[in-house]
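A look at the structure
Listed below are the residues making up each chain.
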Amino acid sequence: MAGSTTEHAPDYTAILGISDEAARLRALDAYLSTRSYLQGFALSQVDVDAFRQLSGPPADPQLFHVARWFRHVTAILGSPPAARPPCGLQATGGGRRAQPTWSPPAGSEPCQLRLYNSLTRRKDVFVPQDGRRVTWYCCGPTVYDASHMGHARSYISFDILRRVLRDYFKFDVFYCMNITDIDDKIIKRARQNFLLERYRETQPQAAQLLEDVRAALQPFSAKLQETVDPDKKQMLERLQHAVAQAAEPLEGALRAGQAGQELDGRVQALLEEAKDVLSDWLDSMHGSEVTDNSIFSELPKFWEAEFHKDMEALNVLPPDVLTRVSEYVPEIVDFVQKIVDNGYGYASNGSVYFDTVKFANTEGHSYGKLVPEAVGDQKALHEGEGDLSVSAERLSEKRSPNDFALWKASKPGEPSWPCPWGKVSVAGGGGERIPARPTPHGVITFPLWPVGWDWSTSEPCIPTISDLSCWGCPPSNVACDDGPGGASQVARGVGAGARQRHGLGLHGVRRSLRSFRVWDSTPCSRGARFLGVAATEARRGAPSLSVGPQGRPGWHIECSAMAGTLLGASMDIHGGGFDLRFPHHDNELAQSEAYFENDCWVRYFLHTGHLTIAGCKMSKSLKNFITIKDALKKHSARQLRLAFLMHSWKDTLDYSANTMESALQYERLLNEFFLNVKDLLRAPVEVAAQFEKWEDEETELNKSFYKKKAAVHQALCDNIDTRTVLEEMRALVGQCNLYMAARKAARRRPHRVLLESIAHYLTHMLKIFGAIEEESSLGFPIGGAGTSLNLESTVMPYLQVLSEFREGVRRIAREHRVPEVLQLSDALRDNVLPELGVRLEDHEGLPTVVKLVDRDALLREREDKKRVSEAAGAGLAVCWRDDHGRVCTAHGGVSVSSLTKPQCL
């Protein structure tokens, strides 16, 4: 035991564990016989514990080593008392104290983040699949019109959730969002816009326009009669009335023989009012003639750009990756084919449908996970398929009414892309389409119709095998019928060699008397084969081969294919609006799990609540349709976000005057607190003097501060409950305001370090929520984007000098009784500086407070203050909110100088 005996503690530990005392002494003697415990002997805690287990020296003389060890320890510690505890050494004399045993604190169980999961309809503990990494897919907008407040409801809410997960809970969030730029609504709107613009370019004469409007009103009136929805019917009636009102002056002008600019003005007025009616009418007659895919891409490109501008204006973070349907068509084709190969999809008349019955009856799969009670809702299913895809013909293609389209065969007037399932056809000179007959192994026959065209005679002809070889681009498997009952001439073995001899590529074309081009039969990676056929060099009256097979993606499949490509077989979070649960998200789940053959494509499904406008559903028919741009003209992005934060993200939010007034009041409350703290921090003080002794008030405020932080954390863990968080923050600000008011009443300055800590915490939380749009060390930024810090740091020293000078002038004016100077001083405060966004607050016996505030807000305050003053002078009761957001009331004779925040009369 020379030196430290710590290294031998394990041996002692084993000895101390022996319950029989005689056996324990023998083991101790055997152990001590191997160690030197005389010279340089130093006690360890284990020595002390072993010593205290003995009531005296051993009686057995054979235990020589234990006896001698006992005498040496006794010399240091004294005799072991019978009741001495086994720890907490109390040295007597010159012995060294042993360190007492340490017990860890019991602690408390940390709260876990729980999210409301639509898959279970409860709050589930959030556990990402891969450590701290979170994969998240969010359904983006269908871009065919301006973004509205319904979009804002989803994307602001998801932006808040994303920021909290990333910046508060410190998850590594990978956020993916799509843009739907292929959709029935987009197709129809693009066609209508194109046809209406083409109609405008013809500059129809007044008489022709009136005739066309009357013709367009006939199907419109029939549609109006069939409409059952009262809101939609009312909207259509208003439109019909507006068109009639615009047509009447033009009819009168024609009867009066008017001409020139006046007549042209009436023509343009009718064109504007009747554009929706004319668009529907033109589309019904000429929609099938719109075949240029670029027409269908220009509209979504424009509105997508507008959507991104709106999101930036709302301070919504851009996604980590953005997907567009038009860019993922090949992946969608592969995705659909895999579903078919797995046995859950089937081709029918050129379209591909998902077999809901087969999927639901397969072990391990379930259809309708989110809203099982909605399965079979044909109205919802039809809305999901789109206006252009619901017809008796399309419905008859399904095996079950609940089946939905994965891929749609394109009709004339719709964009199209190559696919393995569509129909190939021949178009005659009159525009009629003659279907091709597919045969096994990719052989395609065109019966009963010549597929060549002789430009020299302007007559159709049937190409021979030699013609096909000569032209250099024959398909390797094509059959051309000679006519009814004729034997097919099949071109085989004419491949790349023939094409190379003629200097033609696979898609080459040789101009000759009978020139056309045909694409080669293409083996696909999926094992399928399809023939692509290009149109002839079109001349009026010439038959041609259509491009085919052709089709376009269904609505639901896009999200599955794009999310599956980027996020794999299972993602952590999928988000979307509440109205997308069925059929869109239920169909997404089914087709994705059919593709991956799993039952966990999404782990947590989050759905944001509906948005209503003053208690009503937002609708153009109700004239309460509010675009994001319109909303931002009334309120700032911060105010809109605060309104959303004051409501649960999964519940209905009512966008109304009352909702926004609550958000404005909350913003004012926080802003006043930040301005007061900034004013306190601007006061010069020595470095050491800022650390003042805490009194009971500071101790209590600090305790409350930490309680509020704990409550905020618990609320965020509880489904990211921002409503409760904002209430806790409001209560904390209220306590700070009371503390500052008490200090002000006692003519003492508040404790700056404590208030600064609280203000920084509140700023930090608001940044996490996205309510502070740019870098700001404390509180809301002031001024335009990118100028807040420079503006405040640059301007405030000059304003402080002005305030101090004004205060000195006021003091002299009071001493010498010069009311005119006091009036000028008040005018500077009440009339001049508010125009510059500066508020001066005079407090008796204390320095004037200088605040930089939004100019418009100050001007509104001034007008409110004026109205309150007039009402008070008339002896009327008045009601207002003070700087702390508290409601105050008074009757005639109230001191107007105290009314800094009147809100209502």
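For clarity, every value in this text was computed on a predicted model and none was experimentally measured. (Residues numbered from 1 in each chain as written. Predicted model: local features only at pLDDT ≥ 70, side-chain atom pairs only at ≥ 80, totals over all residues. Heavy atoms only, no water.)

1. Here we look at helix H9 (residues 261–273)
We count it as follows: Helical segments are the DSSP runs of H or I of at least four residues, strand segments are the runs of E of at least two, and each set is numbered from the N terminus. Helix span is expected to be 1.5 Å times the residue number reduced by one. In what follows, residue pairs with any heavy atoms lying within 4.5 Å of each other are defined as contacts.
Taking 1.5 Å as the rise per residue, H9 with 13 residues should run 18 Å; its terminal C-alpha atoms sit 18 Å apart, in good agreement. The inward-facing, buried residues of H9 abut helix H6 (184–201), helix H7 (206–226), helix H8 (230–255) and helix H10 (275–286).

2. Points about the side chain of Asn402
Quick note on the threshold: By the criterion applied in these results, polar contacts are pairs of N or O atoms within 3.5 Å in which, for protein atoms, one can donate a hydrogen and the other can accept it, and in which residues neighboring in sequence qualify only through two side-chain atoms.
Mapped onto the elements, Asn402 comes out in the loop between helix H15 (392–396) and strand E8 (404–409). A polar side-chain atom of Asn402 sits 3.1 Å from a polar atom in the side chain of Gln378. Sequence-distant contacts of Asn402, that is, excluding residues within four places in its chain, are made with Thr356, Tyr367, Val375, Gly376, Gln378 and Leu381.

3. Some points on the nonpolar core
Rule in force here: What we call a nonpolar core is a set of buried Ala, Val, Leu, Ile, Met, Phe, Trp, Tyr and Cys residues that are connected through their side-chain atoms within 4.5 Å. Note on classification: 1.4 Å probe, protein chains only; a residue is buried when its accessible area is under 20% of the maximum for its type, exposed when over 50%, partly exposed between these limits.
Core analysis: the largest hydrophobic core is formed by 119 residues, its most contacted members being Trp136, Met149, Leu270, Leu278, Tyr655, Phe673 and Phe769. The contacts of Leu278, once residues within four sequence positions are left out, are Leu196, Tyr199, Leu209, Asp212, Val213, Ala216 and Leu271. Within the second largest apolar cluster, 44 residues are counted, among which are Tyr328, Met571, Ala590 and Phe605.

4. Concerning the sheet that holds strand E25 (residues 616–617)
Within a beta sheet, neighbouring strands are joined by backbone hydrogen bonds and run either parallel or antiparallel to one another. Heads up, the condition is: Each pair of strands is called paired provided DSSP finds at least two bridges between the two strands.
The 3 strands lie next to each other as E25-E24-E26, forming an open sheet whose pairing is mixed. Edge positions in the sheet fall to E25 and strand E26 (653–655), since each of these pairs with one other strand and no more. Looking at chain direction, strand E24 (residues 611–613) and E25 are connected through 2 bridges and run antiparallel. Residue pairing in the sheet places Thr612 in a bridge with Lys617 of E25.

5. As for the environment of His584
For His584, the position within the fold is in helix H19 (residues 581–596). Each C-alpha atom, one on His584 and one on Leu381, is 8.8 Å from the other, the two residues being 203 residues apart in sequence. Leaving out residues up to four positions away in the same chain, His584 has contacts with Cys139, Trp555, His556 and Cys559. There is a polar contact of 2.7 Å between the side chain of His584 and the side chain of Glu588.

6. Looking at the sheet that holds E8
What the 5 strands build is an open sheet, ordered E6-E7-E8-E21-E9; its pairing is antiparallel. On the outer flanks of this sheet lie strand E6 (345–348) and strand E9 (417–418), each paired with one strand and no other. Both E6 and strand E7 (residues 351–354) contribute to a ladder of 4 bridges, which runs antiparallel. Residue pairing in the sheet places Ser348 in a bridge with Ser351 of E7.

7. Observations regarding the pairing of strand E23 (residues 602–608)
Regular strands place their side chains on alternate faces of the sheet. Filter applied, for reference: The path from the first strand over the helix to the second decides the hand: if it runs clockwise while the strands point away from the viewer, the crossover is right-handed.
The buried fraction of E23 is high, at 6 of 7 residues. In this view, the connection linking strand E22 (residues 571–577) to its parallel neighbour E23 by way of H19 has right-handed handedness.

8. Let's talk about the packing of aromatic side chains
Here a ring pair, both rings aromatic, is described through the centre-centre distance and the interplanar angle of the planes. What counts, and what does not: Classification of ring pairs rests on two measures: the distance between centres of Phe, Tyr or Trp rings, Trp counted by its six-membered ring, which must be within 6.5 Å, and the angle between planes, read as stacked under 30 degrees, edge-to-face over 60 and tilted in between.
Within this structure, the stated rule accounts for 21 aromatic pairs. Centre to centre, the rings of Phe674 and Phe780 are 5.6 Å apart; their planes meet at 85 degrees, and the pair counts as edge-to-face. With Phe674 in helix H22 (residues 657–682) and Phe780 in the loop between helix H25 (752–768) and helix H26 (788–815), the pair connects residues that are 106 residues apart, well separated along the chain. Owing to a relative accessible area of 1%, Phe674 belongs among the buried residues under this scheme. Between Phe705 and Tyr761, the aromatic rings sit 5.7 Å apart at their centres with planes inclined by 70 degrees, giving edge-to-face as the arrangement. Here the residue Phe705 occupies a position in helix H23 (residues 696–717), and Tyr761 occupies one in helix H25, the gap between them amounting to 56 residues.

9. Quick look at unusual backbone geometry
Phe582 connects to Pro583 through a cis peptide bond whose omega is 5 degrees. Secondary-structure assignment places Pro583 in helix H19. Positive phi outside glycine occurs at Arg747, with the angle close to 55 degrees. By secondary structure assignment, the location of Arg747 is in the loop between helix H24 (722–745) and H25.

10. Brief notes about the pairing of strand E4 (residues 172–179)
Where burial is concerned, most of E4 is hidden: 6 out of the 8 residues are buried. Two strands pair when backbone bridges link them, and strand E3 (residues 133–138) and E4 are joined in this way by 6 bridges, in the parallel orientation. Opposite Cys138, over in E4, you have Met177 as the bridge partner. Regarding topology, helix H5 (residues 149–168) serves as the crossover connection from E3 to the parallel E4, and that connection is right-handed.

11. Here we look at the confidence of the model for the protein
What counts, and what does not: The pLDDT value expresses, per residue, how confident the predictor is, ranging between 0 and 100.
Mean pLDDT over the protein stands at 80; residues scoring 70 or higher make up 77%. Confidence drops under pLDDT 50 across residues 83–93; counting only partners more than four residues distant or on other chains, this segment forms 24 contacts. Segment residues 892–905 is flagged for pLDDT under 50; beyond a separation of four residues in sequence, or across chains, it makes 43 contacts in the model.

12. Concerning the pattern of salt bridges
Opposite charge on two side chains permits them to pair, given that their charged atoms come into close proximity. The following threshold applies: The working definition used for a salt bridge is a side-chain nitrogen of Lys or Arg within 4 Å of a carboxyl oxygen of Asp or Glu.
Within this structure, the stated rule accounts for 49 salt bridges. One salt bridge connects Glu593 with Lys369, and the closest N-O pair in it is separated by 2.9 Å. Separated by 224 residues along the polypeptide, Glu593 in helix H19 and Lys369 in the loop between helix H13 (356–360) and helix H14 (378–385) bring together distant segments of the chain. With a shortest N-O distance of 2.4 Å, Arg743 and Glu698 are connected by a salt bridge. Taken together, the residues Arg743 in helix H24 and Glu698 in helix H23 connect sequence positions 45 residues apart. An identical accessibility class is assigned to Arg743 and Glu698; each is buried. Through salt bridges that share partners, Arg806, Glu807, Arg810, Arg814, Asp826, Arg829, Asp830 and Asp842 make up one connected network.

13. Notes on the packing of H6 against H10
Test applied: As a rule, the C-alpha atoms of each element are fitted with a line to give its axis, helices using only the stretch in contact, and angles between N-to-C directions run from 0 to 180 degrees. Working rule for angles: under 35 degrees goes down as roughly parallel, over 145 as roughly antiparallel, 65 to 115 as roughly perpendicular, anything else as oblique. Under the scheme applied here, ten amino acids are nonpolar (Ala, Val, Leu, Ile, Met, Phe, Trp, Tyr, Cys and Pro), four are charged (Asp, Glu, Lys and Arg), and all others, including Gly, are polar.
Interaxial distance between H6 and H10 falls to 8 Å at its minimum, and their mutual angle equals 100 degrees. With respect to their mutual orientation, H6 and H10 come out roughly perpendicular. Contacts from Lys188, Arg191, Gln192, Leu195, Leu196, Arg198, Tyr199 and Arg200 in H6 reach Lys275, Leu278, Ser279, Asp280, Leu282, Asp283 and His286 in H10. Its residues placed into classes, the contact of H6 with H10 shows 5 nonpolar, 3 polar and 7 charged.

14. What to know about the environment of Glu593
Among the residues examined, Glu593 registers a relative accessible area of 1% and is labelled buried. Along the chain, Glu593 and Ser560 lie 33 residues apart, while their C-alpha atoms are 9.3 Å from each other. When residues no more than four places from it in sequence are discounted, the contact partners of Glu593 are Phe359, His365, Lys369, Asn598, Asp599, Cys600 and Trp601.

15. Considering H10
The end-to-end C-alpha separation of H10 is 16 Å, in line with the 16 Å expected for 12 residues at 1.5 Å each. All buried positions along H10 are accounted for by Val277, Leu278, Ser279, Trp281, Leu282 and Asp283. The inward-facing, buried residues of H10 abut H6, H7, H8 and H9.

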